[in-house]
Amino acid sequence: MTVRIKVVNPNTSAAMTRGIHGAALAVAAPGTTIESTSPAMGPASIESHYDEALSVPGVLAEVAEGERSGVDGYVLACFGDPGLDAARELAAGPVVGIAEAAMRTATYLGRTFTVVTTLARTRGRAWDLVERYGVTKFCAGVHDVDIPVLELDQDPDTLEKLTEACASALARDGADAVVLGCAGMADLCADLTKALGAPVVDGVRAATLQVQSLVAMALTTNKHGEYAAPLPKAYSGLLHPFTTSPG
Ligand code: 5HY
């Protein structure tokens, strides 16, 4: 049985989508195909509430296209899990965000985990998700490396800076594991794990495996309650293409 997983990078940076694709492919089981995409419209990177809000229409357009082509499940590959609830209304199969997957995975690895994200201003969003996902008692702290998302693969010192930030976070929080707070950090997971001597969780790999597991168990979002298909409705202006017709 072929399992088709669509990995959506909510920002529009193709280089980041390629890195994300590599991380998802690294854990894909035989018989699972990974299709990684970026929306045609949206922010080049997501580093604020404004960016995140403007990424959601593009995410939903990618999920809608996946539904038309028979995708079995989706990964939302941005640490803010943008559009997660709306995507679950659109999709028949499971939708997993990298933040939720990484945080839940980290709870299996010790008493507490610490999060290291990109810019300080995105730490509040990470805390919001910690509370939303019910892992507050497991999260010992949220920190940042102070590198903009699109500079992660430009700055020659990224690995050194990220290693220092993760080591400092582990020490300050007395945490057992690190959650990487950006999809753009996925390709550094192995090097960081080696340098830190502690588990480092990449949400792209965690979410891909989670979707794969859910599909293997034939488990999907309950479509009869909160996540039922959107109601038929007109959307005007630029959002007209999102008009929903009766199911
Ligand atoms: C991400 N932004 O994973 C988040 C990381 C962040 O464009 N991809 C982005 O800093 O919130």
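The rules we used
- Residues numbered from 1 in each chain as written.
- Predicted model: local features only at pLDDT ≥ 70, side-chain atom pairs only at ≥ 80, totals over all residues.
- Heavy atoms only, no water.
- Domains from an automatic or database assignment.
- Contact = heavy atoms within 4.5 Å.
- Buried area = accessible area lost by both parts, 1.4 Å probe.
- Salt bridge = Lys/Arg side-chain N within 4 Å of Asp/Glu carboxyl O.
- 1 Å grid on protein atoms, 1.4 Å probe; cavity = no way out; pocket = protein on both sides within 12 Å on 5 of 7 lines; lining within 4 Å.
- Points joined across faces, edges and corners; volume = space filled by probe spheres on them.
- Helix = DSSP H or I, 4+ residues; strand = E, 2+ residues; numbered from the N terminus.
- Nonpolar A, V, L, I, M, F, W, Y, C, P; charged D, E, K, R; others polar.

Chemist: Can you walk me through the domain arrangement of the protein in this structure?
Modeler: Many descriptions give the size of an interface as the accessible area lost when the pieces come together. For the protein, the assigned domains read domain 1 (3-97 + 205-242) and domain 2 (100-202). Inter-centroid distance (C-alpha atoms) of domain 1 to domain 2 is 22 Å. Contacts between domain 1 and domain 2 engage 25 residues on the former and 28 residues on the latter. Counting each side, the surface lost to burial between domain 1 and domain 2 is near 1900 Å², with a carbon and sulfur contribution of 57%. Its largest share of buried area at the contact with domain 2, domain 1 owes to Glu47, Phe79 and Arg205, together 37% of the area lost on that side. Linking domain 1 to domain 2 there are 4 salt bridges. Among the salt bridges present, the one from Glu100 reaches Arg88, with a minimum N-O distance of 3.2 Å.

Chemist: Just checking my understanding: could you explain empty space enclosed by the protein for this structure?
Modeler: To find leftover empty space, one rolls a probe the size of a water molecule over the atoms. Enumeration over the complete set of coordinates arrives at 1 cavity of 30 Å³ or more. In this structure, the largest cavity spans a volume of roughly 280 Å³. Around the largest cavity, the lining is made up of 22 residues, and of these Ile46, Cys78, Phe79, Gly80 and Thr122 lie nearest the centre. Where the lining of the largest cavity is concerned, the elements lending two or more residues are helix 2 (49-69) and helix 5 (123-132). Considering only residue class, the lining of the largest cavity consists of 9 nonpolar, 9 polar and 4 charged. Domain assignment of the residues forming the lining of the largest cavity places at least three in each of domain 1 (3-97 + 205-242) and domain 2 (100-202).

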